[in-house]
Amino acid sequence: LETAARVAMSDPDVEEVARATYAELRGSDDEQLKLVTKFITVNDLLERNVAGTLSSSYQFYKGLADGGASEATEDDILADVWSSVDDVRLDTEGWLYGFLLMAYQPLEPEEMQSYIRFSEGRAGQALNSALRRK
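Residues numbered from 1 in each chain as written. Predicted model: local features only at pLDDT ≥ 70, side-chain atom pairs only at ≥ 80, totals over all residues. Heavy atoms only, no water.

## A few points about the environment of A4
Basically, it comes down to this: In this text, helices come from DSSP runs of H or I with a minimum length of four residues, and strands from runs of E with a minimum of two, each type numbered from the N-terminal end.
Residue placement: A4 occurs in helix α1 (residues 2–9). Along the chain, A4 and S129 lie 125 residues apart, while their C-alpha atoms are 23 Å from each other.

This is the structure in structure tokens:
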């Protein structure tokens, strides 16, 4: 389901619909939204993705500075990257929720709850840890 959703999300129109779906559900008592939120929390997906994006931006700008294409200091780079954290978090949240709501839509609530229980357990945490190192 995740692979199919990732392929679908490569189409900007599909991504827009997925993000709009999340925007409509955000703050509601929707069962699927609650389950996706729990899945995101258990797997620390939002903060991990925000951190990865910020780290990538930092490395990109540092590379430009190290290569002489920019005169930005490390403090300048850090300030610039850190100033984007709220926008990055908002964008990441919209994409992540849109993606997971689409990916897991076909699952029955019990199936999603089972996946969350797996993610909370020792094997799920080990898998999540291994995926973070990749």
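## A short note on the nonpolar core
Nonpolar side chains in soluble globular proteins tend to end up buried together. Quick note on the threshold: By convention a nonpolar core is built from buried Ala, Val, Leu, Ile, Met, Phe, Trp, Tyr and Cys residues, the set being connected through side-chain atoms within 4.5 Å. A simple rule labels every residue: compare its accessible area, found with a 1.4 Å probe on the protein chains alone, to the largest value its type can have, and call it buried under 20%, exposed over 50%, or partly exposed in between. Contact definition: two residues touch when any of their heavy atoms are within 4.5 Å.
Core analysis: the biggest nonpolar cluster contains 30 residues, and F39, I40, Y97 and L100 have the highest contact counts within it. Among the elements of the structure, α1, α2 (12–25), α3 (31–42), α4 (45–66), α5 (74–83), α6 (85–104) and α7 (109–120) are those that each provide at least two residues to this core. No other element matches α6, which puts nine residues into this core. Once residues lying within four places of it in the same chain are set aside, the contact partners of I40 are L45, L46, L96, Y97 and L100.

## Quick look at the packing of α7 against helix α8 (residues 122–133)
Definition in use: Lines fitted to C-alpha atoms define the axes here, with helix axes fitted over just the stretch in contact, and angles between the N-to-C directions of these axes take values from 0 to 180 degrees. For classification purposes, an angle smaller than 35 degrees is called roughly parallel, one larger than 145 roughly antiparallel, one from 65 to 115 roughly perpendicular, and anything else oblique. Gly is placed with the polar residues, together with every amino acid not listed as nonpolar (Ala, Val, Leu, Ile, Met, Phe, Trp, Tyr, Cys and Pro) or charged (Asp, Glu, Lys and Arg).
At their nearest, the axes of α7 and α8 sit 4 Å apart, and the two run at 75° to each other. The pairing of α7 with α8 is recorded here as roughly perpendicular in orientation. Where α7 abuts α8, its residues F118, S119 and E120 lie against R122, A123, G124, Q125 and L127. Here the residues of the contact of α7 with α8 are counted per class, giving three nonpolar, three polar and two charged.

## Focus on the packing of aromatic side chains
For clarity, the threshold we go by: Aromatic rings from Phe, Tyr and Trp, taking only the six-membered ring of Trp, are treated as a pair when their centres fall within 6.5 Å; an angle between ring planes under 30 degrees marks them as stacked, one over 60 as edge-to-face, and anything in between as tilted.
One pass over the structure, following the stated rule, counts six aromatic pairs. An angle of 15° between the planes, with centres 4.4 Å apart, marks the rings of Y22 and Y97 as stacked. Linking Y22 in helix α2 with Y97 in helix α6, this pair joins segments that are 75 residues apart in sequence. Per residue, the accessibility class of Y22 equals that of Y97, and both read buried. Note on Y104 and Y115: the rings are 5.8 Å apart at their centroids and 85° apart in plane angle, and the pair reads as edge-to-face. Residue Y104 is located in helix α6, and its partner Y115 is located in helix α7; the two are separated by 11 residues in the primary sequence. Classification of Y104 by relative accessible area gives buried; the value is 5%. Residue classification places Y115 among the partly exposed positions, given a relative accessible area of 31%. Here the aromatic cluster, defined as three or more aromatic residues joined through ring pairs, consists of F39, Y104 and Y115.

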